[in-house]
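Observations on the three-dimensional arrangement
The lines below spell out each chain.
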Amino acid sequence: MKQYRPSYYKDFRCIAGACSDNCCIGWEIDIDPQTDAFYQSVGGDFGCRLKQDILRDEHGSQFILKGERCPFLNEQNLCDIYIHLGEQALCEICTQHPRYHEWYGSIKESGVGLCCEAAGRLIFSQDSLPTYEYVNIDEESSDDIDEEGFDALRAARNYAFELAKQHDWSALLSFGEELQDALEWEDWEEIRRLAAGEITLIPTPNTSVSPNALNQLLTFLSELEPIDPQWPALLQNICDKLPDVLAALPAYKSAYPRWSDDMDQLIHYFLYRYFCKSLFDEDVRSKTILPLVACIVVLLLNAETFLRKGSFALEDQIFTAKQFSKEIEYCTENLEALCEAFWDPDFLLVRQLNALLLQIFA
Ligand code: SF4
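Residues numbered from 1 in each chain as written. Predicted model: local features only at pLDDT ≥ 70, side-chain atom pairs only at ≥ 80, totals over all residues. Heavy atoms only, no water.

Right, let's get into the packing of helix α14 (residues 284-309) against helix α15 (residues 314-329). Look at α14 against α15: their axes get within 9 Å of each other, and the N-to-C directions meet at 135 degrees. The angle between α14 and α15 places the two elements in the oblique class. Between α14 and α15 lies a crossing of right-handed hand. Seen from α14, the contacting residues are Ala294, Val297, Val298, Leu301, Asn302, Thr305 and Lys309; seen from α15, they are Asp316, Gln317, Thr320, Ala321, Gln323 and Phe324. For the contact of α14 with α15, the per-class residue count stands at six nonpolar, five polar and two charged. (Axes fitted to C-alpha atoms, helices over the stretch in contact; angles between N-to-C directions. Helix = DSSP H or I, 4+ residues; strand = E, 2+ residues; numbered from the N terminus. Parallel < 35°, antiparallel > 145°, perpendicular 65-115°, else oblique. Left-handed = near helix turned anticlockwise from the far one by under 90°. Contact = heavy atoms within 4.5 Å. Nonpolar A, V, L, I, M, F, W, Y, C, P; charged D, E, K, R; others polar.)

Next comes the structure, spelled out in structure tokens:
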């Protein structure tokens, strides 16, 4: 089997004790059956600890958090399982996180997720948009997929990368609408034709953006299940002072000239990670909207940060992207709810995305 991944993937290193966050705090950590069987076989004092601190029920096994912390995260923020049993004893999630994977027959697409600050630093420190590489891996191909469909969607994703790079938001959104029709009919030939640039631009109203659209988006996000209990209040705070936050955007852009490059990385990341999953869920339209909505929310977080601190740096960019990623991307229910909202005709932002992005990137 081959792994397809951004070229920076191999450079990822967890910074462990130096991490200001830590993926062993605040998350439920499921243990895969194979690792759990090994944990049950460990003897001695550490084996007792493993038995005590793991919950096993009909849903599977997971670490029993102490407060918000993994019970094996010690006071130095280092992992006691790693220390006592070695790296090979970590469960699948702990070994892989923040690497993500999707299996498409004989190809496994992988990357590193923005919910981790070391991954964010890697992504936002690139000088240009990522290139990709194939690597042979010792893994069996997964179940059969529609190879023709996958190839067509990959071609479409490459075209979406190009449109996003050119900041042609109108074309990207029109592309998503047209692809959706073709995908529902599994018309791979039509998808290839669209991916070759033969799209029809859907006229978008050239009106100024209503703040109601942003208020509605922020309120919607603030009502989803939070990972960090502070997240809804942060969004509500941005809502309450939206005119000030929007007015801070130009100053933030001047103070942080690489903002546009960072947004290009962010949009590209979301396109790469989610676009081809539409082969399974048949919703490619949302996969073109999600990266743009992510960009807008992160820009609002950035402007709010600038307003509060009077400055903005790469650290802040890594942090705000991580916030959005953790709260939305890394909660399946939240991500699904947001993508579902894109189909609601009363969800104002979708119709105003083009105008809003044109204003922001002007
Ligand atoms: S969030 Fe990233 S850098 Fe921090 S502990 Fe987890 S994998 Fe390591």
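So, next bit.
On to helix α5 (residues 117-124), then. Counted residue by residue, α5 has seven buried out of eight residues, so it is predominantly covered. Glu117, Ala118, Ala119, Gly120, Leu122, Ile123 and Phe124 are the residues of α5 that are buried. Taken together, the buried residues of α5 touch β6 (107-112), α12 (259-274) and α15. (Buried < 20%, exposed > 50% of the residue type's maximum accessible area, 1.4 Å probe, protein only.)

By a widespread convention, an interface's size corresponds to the accessible area lost as its parts come together. Each domain of the chain was delimited in the assignment, giving domain 1 (24-96), domain 2 (147-195) and domain 3 (211-361). The straight-line distance from the C-alpha centre of domain 2 to that of domain 3 is 23 Å. Of the residues lining the interface, 21 residues belong to domain 2; the matching set on domain 3 comes to 23 residues. Contact between domain 2 and domain 3 buries roughly 2,000 Å² in total, counting both sides, with carbon and sulfur atoms accounting for 75%. It is Arg157, Trp169 and Leu173 in domain 2 that bury the most area against domain 3; as a group they hold 31% of the surface buried on that side. (Domains from an automatic or database assignment. Buried area = accessible area lost by both parts, 1.4 Å probe.)

Let's shift gears to the site of the ligand. As a matter of local geometry, the ligand sits amid Cys14, Ile15, Cys19, Asn22, Cys23, Pro98, Cys116 and Ala118. A breakdown of the residues in the shell around the ligand according to their chemical character gives seven nonpolar, one polar and no charged. (Near = heavy atom within 4 Å.)

A few words on the sheet that holds strand β3 (residues 54-57). Taken together, the three strands give an open sheet; going across it, the order is β2-β4-β3, and neighbouring strands pair in antiparallel fashion. Of all strands in the sheet, those with a lone pairing partner are β2 (30-31) and β3, marking the two edges. Strand direction decides the pairing type here: β3 and strand β4 (residues 60-63), joined by four bridges, are antiparallel. Note on β4: the bridge partner recorded for Asp57 is Gly60. Here helix α1 (residues 33-41) sits on the sheet and contacts β2, β3 and β4; the angle it forms with β3, its principal contact strand, is near 120 degrees. (Pairing = 2+ DSSP bridges.)

Another aspect to go through is unusual backbone geometry. In the segment running from His97 into Pro98, the intervening peptide bond is cis, with an omega of 5 degrees. With respect to the helices and strands, Pro98 occurs in the loop between α4 (92-96) and β5 (99-104). With phi around 130 degrees, Asn22 is a residue other than glycine that occupies positive phi space. Within the secondary structure, Asn22 sits in the loop between β1 (2-6) and β2. Non-glycine residue His167 carries a positive phi angle of around 55 degrees. Looking at where His167 falls in the secondary structure, it is placed in the loop between α6 (147-165) and α7 (169-184). Taking the relative accessible area as the measure of exposure, His167 reaches 22% and is therefore partly exposed.

A separate point is the layout of surface pockets. Of the volumes computed, that of the second largest pocket is approximately 300 Å³. Around the second largest pocket, the lining is made up of 14 residues, and of these Asp21, Ile227, Asp228, Lys326 and Glu327 lie nearest the centre. Per-element tally for the lining of the second largest pocket: the top contributor is α15, with five residues. For the lining of the second largest pocket, a count of residues per class yields six nonpolar, two polar and six charged. If you count residues domain by domain, the lining of the second largest pocket takes at least three from each of domain 1 (24-96) and domain 3 (211-361). (1 Å grid on protein atoms, 1.4 Å probe; cavity = no way out; pocket = protein on both sides within 12 Å on 5 of 7 lines; lining within 4 Å. Points joined across faces, edges and corners; volume = space filled by probe spheres on them.)

Topologically, Phe347 is positioned in the loop between α16 (332-341) and α17 (348-361). For Phe347, a relative accessible area of 5% puts it in the buried group. Taking the C-alpha atoms as reference points, Phe347 and Gln216, 131 residues apart in sequence, are found 7.5 Å from one another.

Turning our attention to the pairing of β5. Bridge count between β5 and β6: six bridges; the pairing is antiparallel. Bridging from a neighbouring strand, Trp103 pairs with Lys108 of β6. As consecutive antiparallel partners, β5 and β6 are separated by two residues, and within that stretch Gly105 has a phi angle of approximately 65 degrees, a positive value.

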